[in-house]
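Okay, here's what each chain looks like letter by letter:
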2 protein chains.
Amino acid sequence: MTLPLAGIKVVDLTRILSGPFCTMLLGDMGADVVKIEPPGVGDPIRGQGTIVNGISTYFASFNRNKRSITLDLRTESGKATLSSLIERADVLVENFRPGVLDEMGLTDKRLSELNPRLVTASINGYGSTGPYAQRPAFDFIAQAMSGFMSLNGKVDDDPIRSGIPISDLVAGLYAAFGIVNALRVRDMTGEGQRVEAAMVDSLMSLFAWYASDHLATGEPAKRSGNDHPITAPYGMFTAADGDIAVAPSTEAVLNRFLEQLGMEGLRNDPRFSTNVLRIKNRDALNQLINEQISTDTQANWVKNLNEAGVPCGVVQNLPEALSDPQTLHREMVISVDHPGHGSIRTLGFPVKLSKTPCVVRHPAPEKGAHLSDIVSEWDVACAGDARTGVPEANVR
Amino acid sequence: MTLPLAGIKVVDLTRILSGPFCTMLLGDMGADVVKIEPPGVGDPIRGQGTIVNGISTYFASFNRNKRSITLDLRTESGKATLSSLIERADVLVENFRPGVLDEMGLTDKRLSELNPRLVTASINGYGSTGPYAQRPAFDFIAQAMSGFMSLNGKVDDDPIRSGIPISDLVAGLYAAFGIVNALRVRDMTGEGQRVEAAMVDSLMSLFAWYASDHLATGEPAKRSGNDHPITAPYGMFTAADGDIAVAPSTEAVLNRFLEQLGMEGLRNDPRFSTNVLRIKNRDALNQLINEQISTDTQANWVKNLNEAGVPCGVVQNLPEALSDPQTLHREMVISVDHPGHGSIRTLGFPVKLSKTPCVVRHPAPEKGAHLSDIVSEWDVACAGDARTGVPEANVR
């Protein structure tokens, strides 16, 4: 069967991470993504991360299912080629600072003149409106400003950023979701529109009970480390050969946990008879539980508790997680052949569709490799002799 | 204009967090989401978080734009009503443990018989296949098993979970993205399919350079706290009245940062002439920078550095972040009137569409309030006298 976004033409002006992640998600779903890179180094990520056989594996992992052309957008002919691409496109995606597209002459009005059916998506730090719109964006700063960091870390220690660039990636994913929705409107009405996902907004949307509790009570939210703020027992416990994470989320699951520990009697201990008391006496409770947990191994507890219906696991490091049998079964690590650079292992596809599964149709592209293909397939007006692969200066 | 998912009927069997977040995203985009709740307490979240005027603000914040009916799915007539709903639906979403839908008689084969156009989405912990498929899922455990925790925390301290339930929410968002894509295929081919998003897969997809570096080199990834593993200077610095976060991500931005500090000379110091040397001598570098940063206030640095194009912010706590002028401007906190419970403040819409913006069409529903409406609007065959609002035992 045809992939969901087959036939959807995407002009991809993004670079670095948030935007390329968004357009990769579109490419994975079948869109024809044309990555526009500046002459010279191209997307800066081409020079970052581990370089193997002449290719950045970081670049490779966020640019599959795209093709690349280079355009010098500071020149009139570069701009003309871009306009011609936009005329034929369904989607334009950019992650410049707000206003840069306008400075390039691509105002909403101009885009609409070029292509009234165009869906234009912007990924940025704080949004394109409001007092902070013009601030430069960076994942770390979005984590700090949004409140995310204030919720991440140990109780009595400093706020800490998430190791992974969470605001970049969640904003990219929201933008992809918005784009597919906007395409649906476009198919009904014939009209494109603007989609926007800001990194700070995106992180805020994930605050769950922290936000609802604070907005209802005015109380400040607090970091709780690996303890659950409103449930005990919960957290890390010490088995004979290392720690295990246990999350008995309901009274029923707690009973199963205590049964596996052989500690059903704990329910009759006046210190632990209710959740409120268990939170109050968490240290004493955890000590008793740890005495039992320490009598067996991580592997046995993980097996036995899960079989009893108690969520349990271990803190896997990256080598362990990415070689875990479940990870391999789910094809969350895949090998992609990059002609001239060998095979590169990258993460797989997080969304599984049964009839139209995502596939790697293209490895991450060589910079500017697909100009003549795109000019021909999209029927793009192009300055220079691009159709024969010998473009003039603005198209290299 | 019509919302993107107007006319899309969603049978929502989800409860707790990951699934309700997914179906809220669909509802925000205009889908007609019917939340099926068990008799009695309904979705357990109705009893959790801060309760104000008889409603859980946590429930309210994840169930806007839905309507609710109660069905006892252990009874034949409850199952019959569900089947009738499924026949008329476009989408079914569930976040049970894998296999539970089968146990309810709703195998892929049966669902396809009832409605070959149905898109069925499952959100779960490890996926519905593979050695861990039957393990019970929980956000904390997904954070541990996926490798996320191993990347979150200070360098020499323990791995730490993210405060927010990141795997629940990212999996819910991926599922929503998958559903809209599957609807697109359905519109082209007439065939529904299965969409799956697992919490562990979803987190792994966000590992960025950590994953690409490890998969290329075999080296374990390391936590780096608030320092950037491969860039210096970067991180938290101490102003006169508190810390600021600064992220000079490129050489050009670093030069602007040093200019603002009046420390251009640092580039000539042999200890700091390259990024590699600056990482090596990070402590000495940070000390020199802090001496300058400490001469002015947070507010001045944030203003001046951002104006100079250097990403900078402060760690805002939740009260600060949710009352920030930018947050209010972006309408990331909204008030929703819940008849009988008063007005409740919740988070706003993270995806901004210019012509078809998300709106609150329904506040979070009373349990079972919409049976007669749905029976009538969807033309559902329903046991009992549901059309008159007096259902029999299975429909309450």
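Quick notes on the rules
- Residues numbered from 1 in each chain as written.
- Chains lettered and ligands numbered in written order.
- Predicted model: local features only at pLDDT ≥ 70, side-chain atom pairs only at ≥ 80, totals over all residues.
- Heavy atoms only, no water.
- Pairing = 2+ DSSP bridges.
- Helix = DSSP H or I, 4+ residues; strand = E, 2+ residues; numbered from the N terminus.
- Axes fitted to C-alpha atoms, helices over the stretch in contact; angles between N-to-C directions.
- Contact = heavy atoms within 4.5 Å.
- Phe/Tyr/Trp six-rings, centres within 6.5 Å; stacked < 30°, edge-to-face > 60°.
- Buried < 20%, exposed > 50% of the residue type's maximum accessible area, 1.4 Å probe, protein only.
- Expected span 1.5 Å × (residues − 1).

Undergrad: So what's going on with the sheet that holds strand β1 (residues 9-12) of chain B? Residues and values would help.
TA: In space, the seven strands of this open sheet follow the order β14(A)-β8(B)-β7(B)-β6(B)-β1(B)-β2(B)-β5(B), with mixed pairing throughout. Edge positions in the sheet fall to β14 (351-353) of chain A together with β5 (66-70) of chain B, since each has one partner strand and no second. Here the strands of the sheet are splayed against their neighbours by 20° on average, with no regard to which way each runs. Across three bridges, β14(A) lies against strand β8 (residues 194-198) of chain B in antiparallel orientation. What sits directly across from A:Leu353, in β8(B), is B:Val195. Packed on one face of the sheet, helix α3 (residues 76-88) of chain B meets β1, β2 (32-37), β5 and β6 (91-94) of chain B and runs near 150° to β1(B). Of the strands in this sheet, β14 of chain A together with β6, β7 (119-124) and β8 of chain B touch helix α7 (residues 166-189) of chain B, which is tilted by about 165° from β8(B).

Undergrad: Summarise the packing of aromatic side chains; cite the residues concerned and give the values.
TA: Evaluation of the coordinates by the stated rule reveals 16 aromatic pairs over all chains. Centroid distance A:Trp209 to B:Tyr58: 5.7 Å. Interplanar angle 75°. Geometry classified as edge-to-face. In this pair, A:Trp209 is assigned in helix α9 (residues 208-217) and B:Tyr58 in helix α2 (residues 57-62), connecting two distinct chains. Comparing A:Trp209 with B:Tyr58, the two get one shared label, buried. Ring centres of B:Phe237 and B:Phe257 lie 6.3 Å apart, and the angle between their planes is 55°; on these two criteria the pair is classed as tilted.

Undergrad: How would you explain helix α3 (residues 76-88) of chain A if you had to name every residue and give the values?
TA: Residues and elements named next belong to chain A. Between its terminal C-alpha atoms α3 stretches 19 Å, which fits the 18 Å expected from 13 residues at 1.5 Å a residue. Listed as buried for α3 are Ser 77, Gly 78, Thr 81, Leu 82, Ser 83, Ser 84, Leu 85 and Ile 86. The inward-facing, buried residues of α3 contact β1 (9-12), β2 (32-37), β5 (66-70), β6 (91-94), α5 (108-114) and α16 (371-378).

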